[in-house]
Amino acid sequence: GFTDGALLDDAIDALAAHDAGTLFATIDRVIESGHDPKRFTADLLERLRDLMIVDALGDVATRTAIPVYPPAK
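What you are looking at is a predicted structure, and each value in this text was computed from that prediction instead of being measured. (Residues numbered from 1 in each chain as written. Predicted model: local features only at pLDDT ≥ 70, side-chain atom pairs only at ≥ 80, totals over all residues. Heavy atoms only, no water.)

Looking at this structure, how should I read the overall build of the chain?
Looking only at helices and strands, one finds 4 helices and 0 strands in the chain. Counting all 73 residues of the chain, 16% fall into the buried class. A sequence separation of at least 24 residues applies to 66% of the contacts in the chain between residues at least 6 apart. Only carbon and sulfur atoms are counted for the fraction: they give 63% of the accessible area of the chain, which is about 5,700 Å². (Helix = DSSP H or I, 4+ residues; strand = E, 2+ residues; numbered from the N terminus. Buried < 20%, exposed > 50% of the residue type's maximum accessible area, 1.4 Å probe, protein only. Contact = heavy atoms within 4.5 Å. Areas by Shrake-Rupley, 256 points an atom, 1.4 Å probe, with all protein chains shown as cover.)

If you want it as structure tokens, here you go:
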């Protein structure tokens, strides 16, 4: 399984806004909707890691062409 992207987005937005109330409400939604809290935590940490990598790359990420294999037809 995986965590709904909207829940991860809401948690990230709450963290960025330093909004503990919204973060706790999001965590409550995770629990109430039957998601596994360990999975949510793992997915949240993975999303944070990805965002840190994108931030560290800066505009390099937008200037770098990543080849697609096999080439699109």
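Looking at this model, I keep getting lost on the pattern of salt bridges. Mind explaining?
All chains considered together, the criterion is met by 4 salt bridges. The shortest N-O distance in the salt bridge between R47 and D9 comes to 2.5 Å. Within this pair, whereas R47 is found in helix α3 (residues 37-57), its partner D9 is found in helix α1 (residues 5-16), the two being separated by 38 residues in sequence. Using a relative accessible area of 25% as the deciding quantity, one classes R47 as partly exposed. The class of D9 is partly exposed, set by a relative accessible area of 36%. Close ionic contact of D43 with R39 constitutes a salt bridge, the shortest N to O distance being 2.9 Å. (Salt bridge = Lys/Arg side-chain N within 4 Å of Asp/Glu carboxyl O.)

Can you walk me through the packing of α1 against helix α2 (residues 20-32) in this structure?
Relative orientation and spacing of two packed helices are given, respectively, by the angle between their axes and the distance between those axes. Closest axis-to-axis distance for the α1/α2 pair is 8 Å, and the angle between their directions is 160 degrees. Overall, the two elements α1 and α2 adopt an arrangement that is roughly antiparallel. Once α1 is placed against α2, the crossing between them reads as left-handed. For the pair α1 and α2, the contacting residues are L7, D10, A11, A14 and L15 in the first and T22, L23, T26, R29 and V30 in the second. Looking at side-chain class alone, the contact of α1 with α2 contains 6 nonpolar, 2 polar and 2 charged residues. (Axes fitted to C-alpha atoms, helices over the stretch in contact; angles between N-to-C directions. Parallel < 35°, antiparallel > 145°, perpendicular 65-115°, else oblique. Left-handed = near helix turned anticlockwise from the far one by under 90°. Nonpolar A, V, L, I, M, F, W, Y, C, P; charged D, E, K, R; others polar.)

So what exactly am I meant to see when it comes to the confidence of the model for the chain here?
Reading predicted coordinates in detail is not appropriate for stretches of low pLDDT. For the chain, per-residue confidence averages 85 on the pLDDT scale, and residues scoring 70 or more make up 79% of the total. Looking across the chain, the model is least confident in helix α4 (residues 60-63), with a mean pLDDT of 64, and most confident in α2, with 96. (pLDDT = per-residue confidence, 0-100.)

Where do I start with the side chain of T26 in this structure?
With respect to the helices and strands, T26 occurs in helix α2. Accessibility expressed as a relative area gives 1% for T26, which makes it buried. When neighbours within four sequence positions are excluded, T26 is seen to be in contact with L7, D10 and A11.

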